[in-house]
Protein chains: 2
Amino acid sequence: MKDPNTLGAVEAVRAMAAGTLTSERLVLACLERIHARDPEVLAWAHLDPALALSEARERDRERSEGRLRGALHGLPIGVKDIIDTATLPTEYGTPIYRGHRPVADAACVVAAREQGGVVLGKTVSTELANRHPAITRNPHNLAHTPGGSSSGSAAAVADHMVPLAFATQTGGSLVRPAAYCGVAGFKPTYNSINGAGIKLLAPSLDTVGVYGRDVPDASLFAAALIGFVPPSFDRPAAPPRIALYRTPQWSLAEPSMVEAFEAMPSRLSAAGAAVQELALPPAMDAIIDASNIVNDYETRRSLAYERVYHLPQLSPTLGGKLVQAGRWTRDQYLEALRTVADCRRMLEDGLRGVDVLVTPSAEGEAPRGLENVGKTAFHQMWTMLHVPSVAVPVFTGPSGLPMGVQVIAARGQDVRALQAAHWIQQVLRG
Amino acid sequence: MKDPNTLGAVEAVRAMAAGTLTSERLVLACLERIHARDPEVLAWAHLDPALALSEARERDRERSEGRLRGALHGLPIGVKDIIDTATLPTEYGTPIYRGHRPVADAACVVAAREQGGVVLGKTVSTELANRHPAITRNPHNLAHTPGGSSSGSAAAVADHMVPLAFATQTGGSLVRPAAYCGVAGFKPTYNSINGAGIKLLAPSLDTVGVYGRDVPDASLFAAALIGFVPPSFDRPAAPPRIALYRTPQWSLAEPSMVEAFEAMPSRLSAAGAAVQELALPPAMDAIIDASNIVNDYETRRSLAYERVYHLPQLSPTLGGKLVQAGRWTRDQYLEALRTVADCRRMLEDGLRGVDVLVTPSAEGEAPRGLENVGKTAFHQMWTMLHVPSVAVPVFTGPSGLPMGVQVIAARGQDVRALQAAHWIQQVLRG
C-alpha cells in the first residue's frame, strides 16, 4: 500500500471503508509529511497535532460503532487562514491579527466537520487574501511561487501533506495557485459554500471553493459541503461539447501556454468532443475593467478597519491599493455592476449549445521568485461572472512546472463542469 | 432651545456648526434620556458612557481646530448589536455570545467614525436578528412590540435617546420596526453599506441600513456612509410619479391600513403627484415563496455553528426554523434564485415611467404584546429584490400608534426614493 498521505480523498475513503486504513493513521502520515517537508515548503500557518489526532480517533471510534457522519468521514482537511476556527488561531495573513482566536468556527468548517472531516490545521494565506506574497513556496520547485492567495492550501495538497483543503477566490486566489501547484481547484457557482466566518473582501466576488489532488477528490469534498450528488467518475462520461475561449486578455498568455492551448483542440476532437471557438460579443471585453472597479471599490470598504486603524501594518501593495481605490465613485461602481449584469447575460447566451468553456487557468507556469504571485488576468472575470470553474493541470511548461486550463459552465451547472473537467484531463493527460 | 437629545441629526449638525451645541452636550443629553427612559424601553444592550463622552470631546476638540471629519461630525449613533465593535461587547442577541468582544469594528462602524460619528452604544437585537423577540418595548406604548429585529435601534431613535442608528434587514428587520416605532427607516440598494463584521444570516438578502427621526436625517447618515450627495430637502421637490402597489399579500393588511391606504391616492394627486395603480404580472407572486426558500436555505448554512454546537441555547423558534430549513434541496434553492432574477426584471419593467412605488410598511400598527414581532409579509420581497426602500410614518392607527408606507425605487435610485419619501410624508402629514 502507498504511504497513506499520498492517497487521494476518494482512495482514502475506500481504504477506511475497507478497514485497511484508519483516520488516525492517515492524519499521522500527513503530520509526518508536514514535519519532513514544511520547513521548506512553508504551507502551514497553525497546527495542533494533538487536536487533529484526537478528532481522527473520535472519527475512528464513530466508524467502529457504525456511526458515519458523512462523505468526508475521517478525511483530514486544510483550512485557509482567512477562515475562522475557534480551535486554532486565525490571523488572516497579517500581523494585525497576530494570535487572534475567533469566537466561532466558520460555517464551511462546521459543514466539513458535520460530514466527518478532520481539521488538520490552518494553511498560509497571503496578506488578507490579497496580492502581497506569503512565505509559502511551490513544492514542485522551491524557487518558484505557489501563487496566491490560497498559497498554503494549494502547496499542501500538491505536496501530499493533506488530501483536501479550502481555498477562496475574489480575483484569482483559488484558480491561480491550483494552476501553479498542479492540483484540481474547484470554484463553485457563487455563494454555493457559505461565507459566514470568512474574512470579507469584495462581497460581490468572494467565493469559497476547494482543492483536491484530482477532480473526483475535489468533487467529493464540494458535493459534501454544498449538498449535490457528486458525478460518478468510475465509468467514462460522454465526450462534452466544448467551446474554447481565449479571453479579452489573451495577449498576456506566455508562448508556452499559447502553444499548448493551440495544440489542444485536435486532441479533444480526436477523443470525440465537439470543439468550437467561442465568439462572445466585443462588449464582453468591458468585464475586465468593470470587475476591477467592483473589486477595488468593495475591498476598500470591507477592509475599512485595517485601512483606517492599521495602515502602517499593511504592505505598501495592499495599503496603496486600498487608498487608491478611493478614486472610484459610487456612480462608477453602480455602472460597473450594470456592465457585469449585461456580461452575465452575454455569457449565458454564448454558452447555449455547449456544455463547457475551456480557457487557460493562468498565463503560464508559476513565475520564478516568491515576490510575484502571478497575474489575475485569467481569473477575475470568471469570479465576477459567478460561474463554476474547475482548474485542472493538463500541460507541462518549459521549466517542468504544471500548467492547466479552467473548465467553466453556466451558473448552477457545477456537476457538468466537474464531469467535463475530468474527461478533458483524462484525454490530455493520456 | 429644545433639549439637545430631541434635535434631529440635521438640526444638531447645524447647531454644532453655529457653535450653540457641542458633541459632548449632545451625547450627555442622550445619556440622560437613556438613564431616565431605558429602564422601561430597554433599547440598549451595551453602553460605555465614559467612552462615548471621550469620543465626543475629541470631536469637539477637532472642531475647535477646524478639523471636521465629515458629515456626521459629533453626532451620536446607535449600533445594532449584531454589528461588531471592538470597543463594546457584541452579543448578537443570544446568550451563545455572552460577553463576546470582537477583535475589530465592523466596516460600517469605521465608516461612521471616519465621518465623525460618535458610537453611543449597542442597541438590542432580537436573537441573531431573527424572529424570537427581544426585551425592547415600543416607546409609544410599552405594552406593544417595537417590531424586530432592529428593535433597540428603532425604539432608541423614536424615544429621542439617539438621533441616528444602524439597522439591518434580511426579512423585514429594518422596515417593520421603523413602521411600528414611527421613525424614518432607509434600506438602501443591496450591498450599498458594507457588511464586513456583521453577523451573516442570508447573504443574498442581508442589507445594512439606517434610522433617523425623519427622511433628511436618515438621508444625511446614509449619504455619509455610502458616498452619494444627499438630496436637498430645503426647497420643495417636484411632485413624484407614484405607482401604488398592494403586494401579493394584501389580504394580510389590517382594516385600518387598508382604509388609510385607500384614502391616500386622492391626497397625493391633489398635491400634484401623478398616481397610478401598479399592475405587475401574476408571475410576480412567486417572489413570496422564492424569497422564503432563499432565506431559509442560506440562514441554515450561515448559522451552522450555532445550530450544530449550541442548539439548546437557541430559541425553539429559531432552532426549529434552522432544522426545518434542511428540507430545501440545492435544486430548489437554485430554482428560487432563478425566480428571483425573473422577478427583478419584472419589477424593473413595471417601474419604467414612474419614480417610485408606494406600498404599506407593515400590515398595520404594532401588535399588542412583546411576544410577536409582526409579519414579514410586506418586507421580504423588497429585500430579495435589492431595491431601495424608505419607510415613513404617515398614518395613525386605531390605538394611536404610527403606521406608514414604504417608498421604493429601482436599484441604484436611492436618492429618488429618499426625495419622494420626504415629499409624500410632507403631503400626508400635512
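Because the structure is a prediction, the values reported are computed rather than measured.

What counts and what doesn't
Residues numbered from 1 in each chain as written. Chains lettered and ligands numbered in written order. Predicted model: local features only at pLDDT ≥ 70, side-chain atom pairs only at ≥ 80, totals over all residues. Heavy atoms only, no water. Helix = DSSP H or I, 4+ residues; strand = E, 2+ residues; numbered from the N terminus. Rg over C-alpha atoms; globule rule 2.2 N^0.38 Å. Buried < 20%, exposed > 50% of the residue type's maximum accessible area, 1.4 Å probe, protein only. Contact = heavy atoms within 4.5 Å. Areas by Shrake-Rupley, 256 points an atom, 1.4 Å probe, with all protein chains shown as cover. Pairing = 2+ DSSP bridges. Axes fitted to C-alpha atoms, helices over the stretch in contact; angles between N-to-C directions. Buried area = accessible area lost by both parts, 1.4 Å probe. Salt bridge = Lys/Arg side-chain N within 4 Å of Asp/Glu carboxyl O. Expected span 1.5 Å × (residues − 1). Least-squares fit on C-alpha atoms with pLDDT ≥ 70 in both. Phe/Tyr/Trp six-rings, centres within 6.5 Å; stacked < 30°, edge-to-face > 60°. Lys NZ or Arg CZ within 6 Å of the ring centre and 35° of its normal.

**Regarding the overall build of chain A**
Move 1: Within chain A, the secondary structure is distributed over 14 helices and eleven strands.
Move 2: What you see for chain A is a C-alpha radius of gyration of 20 Å, in line with the 22 Å of a compact globule of 430 residues.
Move 3: Burial status across chain A gives 64% buried among its 430 residues.
Move 4: Here the contacts in chain A between residues at least 6 apart in sequence split such that 77% fall between residues at least 24 apart.
Move 5: Surface exposure of chain A reaches about 14,700 Å², of which carbon and sulfur atoms provide 51%.

**Quick look at the sheet that holds strand S11 (residues 402–408) of chain A**
Residue and element names in this part refer to chain A.
Move 1: In spatial order, the strands read S1-S3-S2-S4-S6-S5-S10-S11-S9-S7-S8; together these eleven strands make up an open sheet with mixed pairing. Both outer strands of the open sheet, strand S1 (44–47) and strand S8 (274–277), are each paired with one neighbouring strand and no more. Sheet twist, expressed as the mean angle between neighbouring strand axes with direction ignored, is 30 degrees.
Move 2: Taken together, the two bridges between strand S2 (residues 76–80) and strand S4 (residues 164–169) define a ladder with parallel strand orientation. By the bridge assignment for S4, glycine 78 is matched with alanine 165.

**Notes on the interface of chain B and chain A**
Move 1: Across the boundary between the two partners, chain B contributes 36 residues, which contact 36 residues of chain A.
Move 2: Roughly 2,800 Å² is buried in total at the junction of chain B and chain A, and carbon and sulfur atoms are behind 54% of that figure.
Move 3: It is Val103, Tyr305 and Arg330 of chain B that lose the most area in chain B upon contact with chain A, and together they represent 21% of the buried surface on that side.
Move 4: Joining chain B to chain A, the criterion identifies four salt bridges.

**Description of helix H9 (residues 286–302) of chain B**
Move 1: Its 17 residues give H9 of chain B an end-to-end C-alpha distance of 24 Å, which sits within 8% of 24 Å, the value for a rise of 1.5 Å per residue.
Move 2: Where burial is concerned, most of H9 of chain B is hidden: 13 out of the 17 residues are buried.

**Overview of the pattern of salt bridges**
Move 1: Under the definition given, this model contains 46 salt bridges over all chains.
Move 2: The partner of arginine 330 of chain A in a salt bridge is aspartate 414 of chain B, and the shortest N-O contact between them spans 3.0 Å. One end of the pair, arginine 330 of chain A, is in helix H12 (residues 330–351); the other, aspartate 414 of chain B, is in helix H14 (residues 414–429), on a second chain. For the pair formed by arginine 330 of chain A and aspartate 414 of chain B, the shared burial category is buried.
Move 3: Salt bridges sharing partners connect three or more residues here, namely Arg33, Arg37, Glu40 and Asp159 of chain A.

**Considerations on the relation of the copies chain B and chain A**
Move 1: Structural alignment of chain B on chain A gives an RMSD of 0.0 Å, achieved by rotating through 180 degrees and translating 0.0 Å along the axis. Here the transformation between the copies is reduced to the relation of a two-fold axis.
Move 2: Comparing interface residues between copies, 100% of those in chain B also lie at the interface in chain A; the contact surface is shared.

**Focus: the packing of aromatic side chains**
Two numbers describe a pair of aromatic rings. These are the distance of the centres and the angle of the planes.
Residue and element names in this part refer to chain B.
Move 1: By the definition in use, this model includes twelve aromatic pairs over all chains.
Move 2: Judged by centre distance (5.3 Å) and plane angle (55 degrees), the ring pair of tryptophan 250 and phenylalanine 261 falls under tilted. Here the residue tryptophan 250 occupies a position in the loop between strand S7 (241–244) and helix H8 (255–270), and phenylalanine 261 occupies one in helix H8, the gap between them amounting to eleven residues.
Move 3: The class for tryptophan 250 is buried, based on a relative accessible area of 17%.
Move 4: The class of phenylalanine 261 is buried, set by a relative accessible area of 0%.
Move 5: Just above the ring of tyrosine 92 sits the side chain of lysine 199; from NZ or CZ to the centre is 5.5 Å.
Move 6: Across the ring face of tryptophan 250, the terminal group of arginine 246 is positioned such that the distance to the ring centre comes to 5.4 Å.

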